[in-house]
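Take a look at the letters that make up each chain.
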Amino acid sequence: AITVGVTLISLAIKPLRTPIKHRLKKAKELTFWYRWSRFIQRRPWSAALGATAILLVLAAPLASIRLGFGDNGNAPTNTTVRKAFDMLADGFGPGFNGPLFITVQGDTSANPDALATFVGTLQSTKGIAFAQSTPASADGSLSLVIAYPTSAPQDAATYDLVKFLRSDVIPPTGVDAKVGGFTAAGADFATAIGSRMPYLFIGVLSLSFLLLMSVFRSVLVPLKAVIMNLLSIGAAYGVIVAIFQWGWGISLIGIGKAGPIESWAPMMLFAIVFGLSMDYEVFLLSRVKEEYDRTGDNASAVADGLAATARVITAAALIMVFVFSAFVLGYDRNLKLFGLGLAVAVLIDATIVRMVLVPATMELLGDRNWWIPAWMNRLLPKIDVEGHHSLETH
């Protein structure tokens, strides 16, 4: 019985040891991505102009971007926080959800008549629905005035009101007063982030340009890479502006009301997406450069490089698109905005940019892709991303 059992087990296991037949590898000329590259290279102007037009259309909403912070008014209408928010706005006015807290110091704080005059000035200011003072501190050195705007906390009119109070209303009164509170802090943060964003862009783009120029010994390749990455990031910005600020399709992703773009989001999206897109860029172009150095034929190098790397780039991009898109299923508006922005940026970069714009522009430029002035070539450090020099040494 034992022998029969062992024999039956052996027969059952034996098929598992049968080697799996491997699919024969196609010649590169027969692969989809090689043929796709050749298809783009046969009509480079149409592909380049068409892809650029699509990216510019997607990026168009970026011109109206407004930084700020969302609040409970952006929550879905069936949630408790949104119902409470709307009830307060309906009963006491939209500005009740975002009052301005104005601290008063000096002689005005301890003088009830002077404080009442200051409150009256605020009360008569356009954009203020109501203002009231609270009792001074025990030593009389500090008083608090609460002003309720006529507009909602995240409205542009409220942000403008904060600036107007600080620049045109409070200074002529001679009162030592400071405008604060969550709404004013949000306006300040948006202004600060917006004013510093160009420095981030210039710094990252400049360093990336220099590094790519050192790696590929070219001027036009890194310049194209920077421009294309900006186009893909701009398109992603435009999409999130159209959805979260303009309100296109917000009900599909569980957002109750349109509002400003979170102040921190553009900077974070730029840093992360630019890093990911440069990763794809180096991966693709290093393979193209390797083929060009070997054959000296730019057109074949572009087709071979795309055929060798497209499947990996596409697979990696799809994984990230699905992961980032999962953020949209969450409850928090910040996560939805951040995840959707990342997913759209990666999708655009791995399809329109890498698979259309890159082969089209490299075909148009031809051997000029790899041009660099001799003096610049001598000054730049040698960076070998493939490790060929170290292999030759050993």
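From a predicted model like this one, the values you see are computed outputs, not experimental measurements.

Any details on the side chain of Arg217? Residues and values, ideally.
Within the secondary structure layout, Arg217 lies in the loop between helix 8 (182-216) and helix 9 (220-245). Nearest to the buried, unbridged Arg217 among oppositely charged side chains is Asp293, at 9.7 Å. Of the polar contacts made by the side chain of Arg217, one reaches the backbone oxygen of Pro381; its length is 2.8 Å. The contacts of Arg217, once residues within four sequence positions are left out, are Leu212, Trp370, Trp371, Ile372, Asn377, Leu380, Pro381 and Lys382.

Lay out the sheet that holds strand 3 (residues 128-133) with the relevant residues and their values.
The four strands lie next to each other as 3-4-2-5, forming an open sheet whose pairing is antiparallel. Edge positions in the open sheet fall to strand 3 and strand 5 (176-180), since each of these has one partner strand only. Ignoring which end each strand starts from, the neighbouring axes of this sheet average 20° apart. Relative to strand 4 (residues 142-149), strand 2 (residues 100-105) is paired through six bridges, and the arrangement is antiparallel. Counted as the bridge partner of Leu100 is Ala147 from strand 4. Set on the sheet, helix 7 (residues 156-173) makes contact with strand 2, strand 3, strand 4 and strand 5; between it and strand 5 the angle comes to about 170°.

Help me get a handle on the pattern of salt bridges, residues and values and all.
Pairing between side chains becomes possible if they bear opposite charge and their charged atoms approach one another. Taken as a whole and assessed by the stated rule, the structure comprises nine salt bridges. The closest approach of N and O atoms between Arg166 and Asp188, which form a salt bridge, is 2.5 Å. Remark: Asp188 occurs in helix 8 and Arg166 occurs in helix 7; sequence separation between them is 22 residues. Its relative accessible area of 35% is what places Asp188 among the partly exposed residues. The partner of Arg354 in a salt bridge is Asp349, and the shortest N-O contact between them spans 3.1 Å. Its relative accessible area of 0% is what places Arg354 among the buried residues. One network of salt bridges, in which partners are shared, links Glu281, Asp349 and Arg354.

Explain the pairing of strand 4 residue by residue, including any values.
Extensive coverage of strand 4 is indicated by the burial of six of its eight residues. Examined bridge by bridge, strand 3 and strand 4 share five bridges and lie antiparallel to one another. Bridge pairing links Ala131 to Ala147 in strand 4.

Pulling in residues and values, what's your account of the environment of Leu285?
Its place among the elements puts Leu285 in helix 10 (residues 265-295). Distance from Leu285 to Leu364, taken between C-alpha atoms, is 16 Å for residues 79 residues apart in sequence. Ignoring anything within four residues of it in the chain, the contact list for Leu285 reads Phe216, Val221, Val358 and Met362.

Lay out the packing of helix 7 against helix 8 in plain terms, naming residues and giving numbers.
Look at helix 7 against helix 8: their axes get within 9 Å of each other, and the N-to-C directions meet at 90°. Comparing their axes, helix 8 and helix 7 come out roughly perpendicular. Note on element contacts: helix 8 touches helix 7 through Thr183, Ala184, Gly186, Ala187, Asp188 and Thr191, opposite Thr158, Tyr159, Val162, Lys163 and Arg166. Residues that form the contact of helix 7 with helix 8 fall into these classes: four nonpolar, four polar and three charged.

So what about the pairing of strand 2? Which residues, and what values?
Burial of strand 2 is one-sided: the residues Leu100, Ile102 and Val104 facing one way are buried, the residues Phe101, Thr103 and Gln105 facing the other way are not. One ladder, built from five bridges, connects strand 2 with strand 5; its direction is antiparallel. Paired with Thr103 across the two strands is Lys178, which belongs to strand 5.

Cut-offs and rules
Residues numbered from 1 in each chain as written. Predicted model: local features only at pLDDT ≥ 70, side-chain atom pairs only at ≥ 80, totals over all residues. Heavy atoms only, no water. Helix = DSSP H or I, 4+ residues; strand = E, 2+ residues; numbered from the N terminus. Buried < 20%, exposed > 50% of the residue type's maximum accessible area, 1.4 Å probe, protein only. Lys, Arg positive; Asp, Glu negative; His and termini not counted. Salt bridge = Lys/Arg side-chain N within 4 Å of Asp/Glu carboxyl O. Polar contact = N/O pair within 3.5 Å; in protein donor to acceptor, adjacent residues only side chain to side chain. Contact = heavy atoms within 4.5 Å. Pairing = 2+ DSSP bridges. Axes fitted to C-alpha atoms, helices over the stretch in contact; angles between N-to-C directions. Parallel < 35°, antiparallel > 145°, perpendicular 65-115°, else oblique. Nonpolar A, V, L, I, M, F, W, Y, C, P; charged D, E, K, R; others polar.

The values reported here are purely geometric and, on their own, carry no functional implication.
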